[in-house]
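In case you want the letters, here they are:
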Amino acid sequence: MSRLLWFLFYWLPVPATGQTATPRLYGHIRDTLGNAIPGATVTLLRLKDQAGLLFTTADTSGYYSFQRLPGHPEEPLAVKVTAAGFLKNQQPVPVHTSVIHFMMQAAATGLLPNVTVRSQAPIVQKGDTLSFDAARFAEKSDRRLGDIIKKLPGVEVDENGVIKYKGKAINKFYIEGDNLLDDRYSIATDNINVADVEKVQVIEHNQDVKMLNGIVPSDRAGVNIILKNRSKLKLIHNAELTGALPRAYAIEGKSMAFKPAFKAINEVKFNDLGLTYTRESGISGLQPPAGIDAERTLFNNSKMVNLNNLYKLNPYAGIKLNGFYIKDHQRTDNTIHTRYYLPGEDSIAYTEQNHNRLGTEAFYLGLNYNINSPKNYFNVISTLNRNRNTGHTTTVAQNRTTTTNRYTATDFSSAVNGYLIFGKKHLLNYSNVFHYTENPQQTLLDPGALQDLLNNRLPYLQTRQYQRLRYFSNGTTFSYSKVFANWTLGLNTGLDLQQHYLNSQVELVQADRSYTIPEGFGNALHWKRNELFSGALLTYNGNRARLTLNTPAKWQHYDYSNDSLITNKDKGARFTVEPSLNWEYRVGREHSLFLDYRLDYKTAGIQQVYGGAIISGYRNLASYETPFLMNRNHRIRAGFSYKKVINVLFADFDVQYAATKNFFMYSTLIRDNLTIVKALPITNNSETAGTSVRVGKYIFPLNTTIVLSGSLNTTQAQQLQNEQLFDTRSVTKTAGISITPTVLKWLKLDISSTYLQYHARSAQAAFRIQDLQQWKQQSGITVYPFKGFSFNFSNQYYHFIQKGNPVTSGLFVDAYAQYKVDKTKILLRLSCTNIASTTYFETIRASNNMISTASYQLRPRMLRLWVAFDF
């Protein structure tokens, strides 16, 4: 306990007054009349490449401060100050100077060069930071931050709201330099108003730990949102109300703050319009067909309270609270027809009509204390998550079956991570992660299922299955790093302990209400794995090249046994080395080449080794006795990134290849009334290869970003179905285009289209070749007839062609009229969705030898009145 108290005391932030341990840069920012300039943006620059090292803003007294950067004592530095209405001011930082004051000159309206440069530079790059002027990418119809981000060239946003740069998901999302939301940054992109955003910054090679900036390179980008000064000095409250016919509603209330010492996004939401809260919470529900909005197929009644608050104790330390509560009831209805084609056999097909119901009650609370300065780093976070689900599915196939699932998951985790620096070139790191999860589950099947296997072909009343999973893990890591100019050598070691428990049992309720327990359907599995790891990390961070070489070695000891199945046990030890390499080389000033390589060994967890069968549906059961070492995988990815900031042109091209050696194979027995999956110790190989390209160009005359994309991927693997082993090869091709031109001041178009072709074949005799083509086309037109008024008409068209089956297509048509009340913050919209009154949507999904056609019931045509206002 004394050591823990010492550790916490060491990392607690020290007040600025009287602080002498850490040298600082500070000063006042005033105008020529001596008035303070609050909110001025202050940047600490590295002069050789103008790279921004630290960012802050002046407080209400015009005061700013920085801690000096370790690792850059000899490098020439400068402090730059920018503020609205004033000329930029930049001063070099002498080695022995701690105080730099600024007197800002007012910007004269007649200084034409300043105005010209701003209008000609929607994107500015300084060092690794790309700054996009939000006003240049915003349009009249844009409302939220996400509307701007998805139009930035070089940036892509997928259907789940994940932001990617150069094909990789970003590692951090900041608001004014602060990480408020972690991975749930869709809360910001879906709520922050376009009118509040000044800039969107993409930080290439973003290193979140300031101590490691310029020392340990990163291969992922970060995004930072710069807000307008007026939006940083006040609380922002707004609400949205929706009423619809047939009767439905949606209510949203939001409160936001983006002050230097306090940031928050808090919201309350209710709706039965089919709107899900998955993006804000990560809690998934009933899944819609791929490619369409969930609100078209989902019937719901949902409520959510979402809290996100960050309190800054000083410029480098803060306490963060994140949490939410969700209560949700969902319903979907669909019909699924599935057909398997096997070599030399007739096809196997079955049809299901599903009526799905799901009730969810989820609670999450996360508390985080963080110090992140150029001299110190300490982070501690604790989370508590509880999720309770009750699902009912009525399936009509050969018989009518009702499946009820009750699931409760309780999850607690705690993590501590800290860095110490000695002599400016020695780094120590300590981290510990504790995790505990427990999730009991009950499944009821009415009437009793799989009677041929479970009850000697005799019908019975009900199947009852009980499962209980418990996970415990604790991992500790120690590391030491030494800086040699641009090189850093790191050594690490640690221990990871895991203990998992699985209990399952099946009971059959007979016609006379008695209970029987079938053989082979129980588990009392104890699974343990102790891992000792050590390795070396070598990094190089130069002006043109970046390199990260990691060589971790792992010694794993595992031991598991099943009290319900004596033969289901194993133990042993295994040693592996799993190197990885990331290299990037800058060609010229803007372009770059990159190479990634990784060797992975995948080992089996408790979900892959249980020997007693577990029922997963009215027709499905599985039992796995997978070998501890499941597969070995080599992955390599190389490419070229082309970027011309002055022309607002971004392009990325890459090739990938992966070779996997599997030490087991899934054997699937498929019948029209059941599917059984087992894992067999059969060694086999699989390969995947592919290439992709993406080009984004901003076109000034049309005020639009045009995006072209395409990919080609192939996969070769083996399958074992109905005791037949056969090779398969599949080829997937995709292409896409997106453009949203403003043709005239009063006319805007929205056009996007994607195409996918899937082709699967096998050298096995009598194998049926699979060929699937699908298009998704979306178009819209927005008209601005007079000030404050807009009219939009849009459609989504889907088209599926599958060899040997009828053509399937679907059409959605929507429209709205919107009016912004002059001199107020009230926005009114009257909309009509599903104008064509489409009743069902059909989609096709294909794999190597399987075709599945699903038909989903849609919400009817709806007339909606929506109002949004600030208060």
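Each remark here, short or long, concerns the structure printed above.
Not measured: the values here are computed from a predicted model.

Calculation rules
Residues numbered from 1 in each chain as written. Predicted model: local features only at pLDDT ≥ 70, side-chain atom pairs only at ≥ 80, totals over all residues. Heavy atoms only, no water. Phe/Tyr/Trp six-rings, centres within 6.5 Å; stacked < 30°, edge-to-face > 60°. Lys NZ or Arg CZ within 6 Å of the ring centre and 35° of its normal. Salt bridge = Lys/Arg side-chain N within 4 Å of Asp/Glu carboxyl O. Helix = DSSP H or I, 4+ residues; strand = E, 2+ residues; numbered from the N terminus. Buried < 20%, exposed > 50% of the residue type's maximum accessible area, 1.4 Å probe, protein only. Pairing = 2+ DSSP bridges. Axes fitted to C-alpha atoms, helices over the stretch in contact; angles between N-to-C directions. 1 Å grid on protein atoms, 1.4 Å probe; cavity = no way out; pocket = protein on both sides within 12 Å on 5 of 7 lines; lining within 4 Å. Points joined across faces, edges and corners; volume = space filled by probe spheres on them. Nonpolar A, V, L, I, M, F, W, Y, C, P; charged D, E, K, R; others polar. Lys, Arg positive; Asp, Glu negative; His and termini not counted. Polar contact = N/O pair within 3.5 Å; in protein donor to acceptor, adjacent residues only side chain to side chain. Contact = heavy atoms within 4.5 Å. Core = buried A, V, L, I, M, F, W, Y, C linked by side-chain atoms within 4.5 Å.

Visitor: Summarise the packing of aromatic side chains; cite the residues concerned and give the values.
Guide: Considering all chains together, one arrives at 27 aromatic pairs under this definition. Taken together through their ring pairs, the aromatic side chains of Phe-132, Phe-137, Phe-650, Tyr-698 and Phe-700 make up a single cluster. Here the basic side chain of Arg-829 rests over the ring of Tyr-816, its NZ or CZ set 3.9 Å away from the ring centre.

Visitor: Describe the pattern of salt bridges, and please don't skip the residues or the numbers.
Guide: Taken as a whole, this structure holds 33 salt bridges when the rule is applied. The partner of Asp-128 in a salt bridge is Arg-546, with the nearest N and O atoms 2.8 Å apart. Taken as a pair, Asp-128 in the loop between strand S8 (123-126) and strand S9 (129-133) and Arg-546 in strand S29 (residues 545-562) lie far apart in primary sequence, 418 residues in all. The partner of Asp-178 in a salt bridge is Lys-263, with the nearest N and O atoms 2.7 Å apart. Here Asp-178, found in the loop between strand S13 (172-175) and helix H5 (186-189), pairs with Lys-263, found in strand S18 (residues 262-271); they are 85 residues apart in sequence, far enough to count as distant. Like Asp-178, the residue Lys-263 is buried in the burial classification. Overlapping salt bridges, with partners in common, bring together Arg-143, Arg-144, Glu-240, Glu-252 and Lys-254 in one network.

Visitor: Please provide a residue-by-residue account of the sheet that holds strand S3 (residues 51-57), values included.
Guide: Taking strand neighbours across the sheet as the criterion, the 4 strands line up as S3-S2-S5-S6 in an open arrangement whose pairing is antiparallel. The open sheet has two edge strands with one neighbour each: S3 and strand S6 (89-93). Strand-to-strand twist across the sheet, computed as the mean angle between neighbouring axes with direction ignored, equals 20°. The pairing of strand S5 (residues 77-82) with S6 spans 5 bridges and is classified as antiparallel. Residue Ala-78 lies in a different strand from S6, and its bridge partner there is Pro-92.

Visitor: Quick one: what's the story with empty space enclosed by the protein, residue by residue and with numbers?
Guide: The full count for this structure, using the stated rule, is 3 cavities of 30 Å³ or more. Estimates place the volume of the largest cavity at around 190 Å³. Around the largest cavity, the lining is made up of 15 residues, and of these Lys-166, Lys-168, His-205, Asp-219 and Glu-584 lie nearest the centre. Of all the elements in the fold, those that place two or more residues in the lining of the largest cavity are strand S31 (580-587), strand S32 (591-603) and strand S35 (629-644). With 3 residues, the top contributor of residues to the lining of the largest cavity is S32. Its residues placed into classes, the lining of the largest cavity shows 3 nonpolar, 4 polar and 8 charged. In this structure, the second largest cavity encloses a volume near 90 Å³. As for the second largest cavity, its lining consists of Thr-276, Tyr-277, Thr-278, Ser-281, Ile-283, Ser-284, Gly-285, Ile-326, Asp-328, Gln-330 and Thr-360. Looking at the lining of the second largest cavity, the elements with two or more residues in it are helix H7 (278-281) and strand S20 (317-340). Considering every element that reaches the lining of the second largest cavity, the biggest residue donor is S20, with 3 residues.

Visitor: Give me the layout of surface pockets: which residues, what numbers.
Guide: Looking at the second largest pocket, its volume works out to about 1100 Å³. In terms of lining, the second largest pocket is formed by 44 residues, of which the most central are Asn-356, Thr-393, Ser-616, Gly-617 and Asn-620. Per-element accounting of the lining of the second largest pocket gives the leading share, 6 residues, to strand S21 (residues 348-372). Taken together, the residues of the lining of the second largest pocket break down into 16 nonpolar, 24 polar and 4 charged.

Visitor: I'd like to hear about unusual backbone geometry, residue by residue, with values.
Guide: Residue Pro-246 is reached from Leu-245 by a cis peptide bond, and omega for that bond is -5°. Mapping Pro-246 onto the fold places it in the loop between strand S16 (235-245) and strand S17 (248-258). Cis geometry marks the peptide bond from Asp-446 to Pro-447, where omega comes out at -10°. Note on placement: Pro-447 falls in the loop between strand S24 (426-446) and helix H8 (451-454). A positive phi angle is found at Val-648, which is not glycine, with a value near 50°. Relative to the assigned elements, Val-648 resides in the loop between S35 and strand S36 (649-662). Given a relative accessible area of 1%, Val-648 falls into the buried group.

Visitor: Lay out the side chain of Glu-507 in plain terms, naming residues and giving numbers.
Guide: Here Glu-507 shows up in strand S26 (residues 487-509). Among buried charged residues, Glu-507 stands out as having no salt bridge; its nearest opposite-charge side chain is Arg-464, 4.8 Å away. In this structure the side chain of Glu-507 is engaged in a polar contact, spanning 3.5 Å, whose partner is the side chain of Gln-505. Leave out the neighbours within four places in its chain, and Glu-507 touches Gln-462, Thr-463, Arg-464, Tyr-466, Tyr-515, Thr-516 and Ile-517.

Visitor: Can you explain the nonpolar core? Please cite residues and give values.
Guide: Counting residues in hydrophobic clusters, the biggest one holds 38 residues, and the most contacted among them are Phe-132, Phe-173, Ile-175, Ile-192, Val-200 and Ile-265. Ignoring anything within four residues of it in the chain, the contact list for Val-200 reads Leu-130, Ser-131, Phe-132, Leu-145, Ile-149, Leu-152, Val-223, Asn-224 and Ile-225. With 20 residues, the next largest nonpolar core counts Ala-40, Leu-54, Tyr-64 and Met-104 among its residues.

Visitor: Could you give me a rundown of the pairing of S32, with the residues and numbers involved?
Guide: Relative to S32, S31 runs antiparallel, the two being bridged by 8 bridges. Bridging across to S32, Tyr-585 finds its partner in Leu-593. Two successive antiparallel strands, S31 and S32, enclose a turn made up of 3 residues, where Gly-588 displays a positive phi of approximately 70°.

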